[in-house]
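# Summary of structural features
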Amino acid sequence: MTFKIDLHCHSLVSDGALSPSQLIERAAGQLVTDIALTDHDTTDGLAEAKSAAQQHGINLIHGIELSTSWNNKCFHVVGANIDPDFPPFQEGIKELRKIRNDRAEKMAAKLAKKGIPDAMTAVTKKAGLGMITRTHFADFLVGGGYVTTMQGAFDQYLAKGKPAFVSTRWTELECAISWITEAGGVAILAHPLRYKLTASWLRRLLTAFKATGGLGIEVVTGRNNPDEIRKASYFAEKFELYGSVGSDFHSPKNPWVELGRLAPLPNNIKPVWELFG
Ligand code: AMP
Ligand code: MN
Ligand code: MN
Ligand code: MN
């Protein structure tokens, strides 16, 4: 089987559309050989994904995508090849669940002020036992006819500066990196070009990331064009970071992103999976 790896995707344990088993089944259909399930701030989907992966002969890498704060801005850090059962790691995740629930309550209150009631009940139901995310709020806003598209929900209500946005203190970046490292994993900066940082802020971020034990950076993501891959590769080389590839797949409804459908990692970049042992 030809090696085909995807180190970033979501199930319905956070804001994905598929259950962990459905996700693995889809990955198998796409001939993916190695996959990391990286739900937002939770590892609850990993056990189900693991047994599905065994059935399909796929290698499941235990992962997570942590929400972190650095300089009052939110950055996502993928933890790959973690031991999810490491107790301090689960303690940290418990904190993030509380932060997410508190934020959701505040977002719902803001929506109520705008004449949109009952958001908390709806997103709690949608998320089930999983993490509540802005994607759930976007779904609710589309379902209620308040907006026509998911993008519209972010543009009109949920994005930074919009009426339902709640500025949130996530786990500090360095703290999240240490949880991942202590759990035996590799910390990877997710989608580095999506934060719209200037080059000098991105350099500052990467300096801090590396100084606190960050080892990888996503060089290829689901919607990258060649220019973005070149830019991310430049930073990977400059900061001597290992390169990762991950689709950030959420739902089959998005035709632009598919599990494992990724440009190859450029030859001059060291693959982060070399660190998995
Ligand atoms: P949260 O972590 O709760 O703030 O939710 C962030 C999630 O919302 C991201 O992981 C994306 O899946 C989704 N998201 C963020 N911005 C957009 C957008 N403009 N359009 C659609 N989905 C988005
Ligand atoms: Mn998401
Ligand atoms: Mn992300
Ligand atoms: Mn993601």
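This is a predicted model, so every value here is computed, not measured.

### Focus on the site of ligand 1
Taken together, Asp15, His40, Arg100, Arg103, Thr133, Arg134, Thr135, Gln151, Phe154 and His250 are the residues near ligand 1. Aspartate 15 is positioned such that a nitrogen or oxygen atom in its side chain is 3.0 Å from an oxygen atom of ligand 1. The side chain of threonine 135 places a nitrogen or oxygen atom 3.3 Å from an oxygen atom of ligand 1. Across the complex, the protein chains shield 75% of the 490 Å² of accessible surface that ligand 1 would expose by itself. Counting only elements with at least two residues in the shell around ligand 1, the list comes to helix H3 (87-113), helix H5 (134-143) and helix H6 (150-158). A class-by-class count of the residues in the shell around ligand 1 yields one nonpolar, five polar and four charged. Residue-level mapping places the shell around ligand 1 at the junction of two domains, with at least three residues from each of domain 1 (5-86 + 172-275) and domain 2 (93-158).

### Comments concerning the coordination of the manganese ion (ligand 3)
Geometry reference: four tetrahedral donors at a metal, ideal angle 109.5 degrees. Six octahedral donors, ideal angles 90 or 180 degrees. The protein atoms that coordinate the manganese ion (ligand 3) are Glu65 (OE), His76 (ND1) and His191 (NE2), at distances of 2.1 to 2.2 Å. Between consecutive donor residues of the manganese ion (ligand 3), the sequence gaps follow E-x10-H-x114-H. Taken as an interatomic distance, the gap from the manganese ion (ligand 3) to the manganese ion (ligand 2) is 5.7 Å. Here glutamate 65, found in strand E3 (residues 59-70), pairs with histidine 76, found in strand E4 (residues 73-80); they are 11 residues apart in sequence, far enough to count as distant. Residue glutamate 65 is classed as buried on the basis of its relative accessible area, which comes to 1%.

### Some points on the layout of surface pockets
Of the volumes computed, that of the second largest pocket is approximately 160 Å³. Elements supplying a minimum of two residues to the lining of the second largest pocket: helix H8 (199-211) and helix H9 (226-238). With three residues, H9 is the single largest residue contributor to the lining of the second largest pocket. Residues that form the lining of the second largest pocket fall into these classes: six nonpolar, no polar and three charged.

### Examining the coordination of the manganese ion (ligand 2)
At this site the manganese ion (ligand 2) is bound by Asp15 (OD), His40 (NE2) and His250 (NE2), with donor distances of 2.2 Å. On the primary sequence, the residues serving as donors to the manganese ion (ligand 2) are separated as D-x24-H-x209-H. Aspartate 15 gets classed as buried once you look at its relative accessible area, which sits at 11%.

### Focus: the pairing of strand E2 (residues 34-37)
Alternating residues of E2 divide into Asp34 and Ala36 and Ile35 and Leu37, and every residue in both groups is buried. Here strand E1 (residues 5-6) pairs with E2 via two bridges, running parallel. Across the sheet, the residue bridging to isoleucine 5 is aspartate 34, located in E2. One crossover worth recording links E1 to the parallel E2 by way of helix H1 (residues 20-29), and it is right-handed. Summarising the sheet, E2 and E3 pair through four bridges and their orientation is parallel. When the bridges of E3 are listed, aspartate 34 appears paired with asparagine 59.

Rules and cut-offs
Residues numbered from 1 in each chain as written. Chains lettered and ligands numbered in written order. Predicted model: local features only at pLDDT ≥ 70, side-chain atom pairs only at ≥ 80, totals over all residues. Heavy atoms only, no water. Near = heavy atom within 4 Å. Polar contact = N/O pair within 3.5 Å; in protein donor to acceptor, adjacent residues only side chain to side chain. Areas by Shrake-Rupley, 256 points an atom, 1.4 Å probe, with all protein chains shown as cover. Helix = DSSP H or I, 4+ residues; strand = E, 2+ residues; numbered from the N terminus. Nonpolar A, V, L, I, M, F, W, Y, C, P; charged D, E, K, R; others polar. Domains from an automatic or database assignment. Donors = N, O, S within 2.8 Å, 3.2 Å for Na, K, Ca; no water. Buried < 20%, exposed > 50% of the residue type's maximum accessible area, 1.4 Å probe, protein only. 1 Å grid on protein atoms, 1.4 Å probe; cavity = no way out; pocket = protein on both sides within 12 Å on 5 of 7 lines; lining within 4 Å. Points joined across faces, edges and corners; volume = space filled by probe spheres on them. Pairing = 2+ DSSP bridges. Right-handed = clockwise from strand over helix to strand, strands pointing away.

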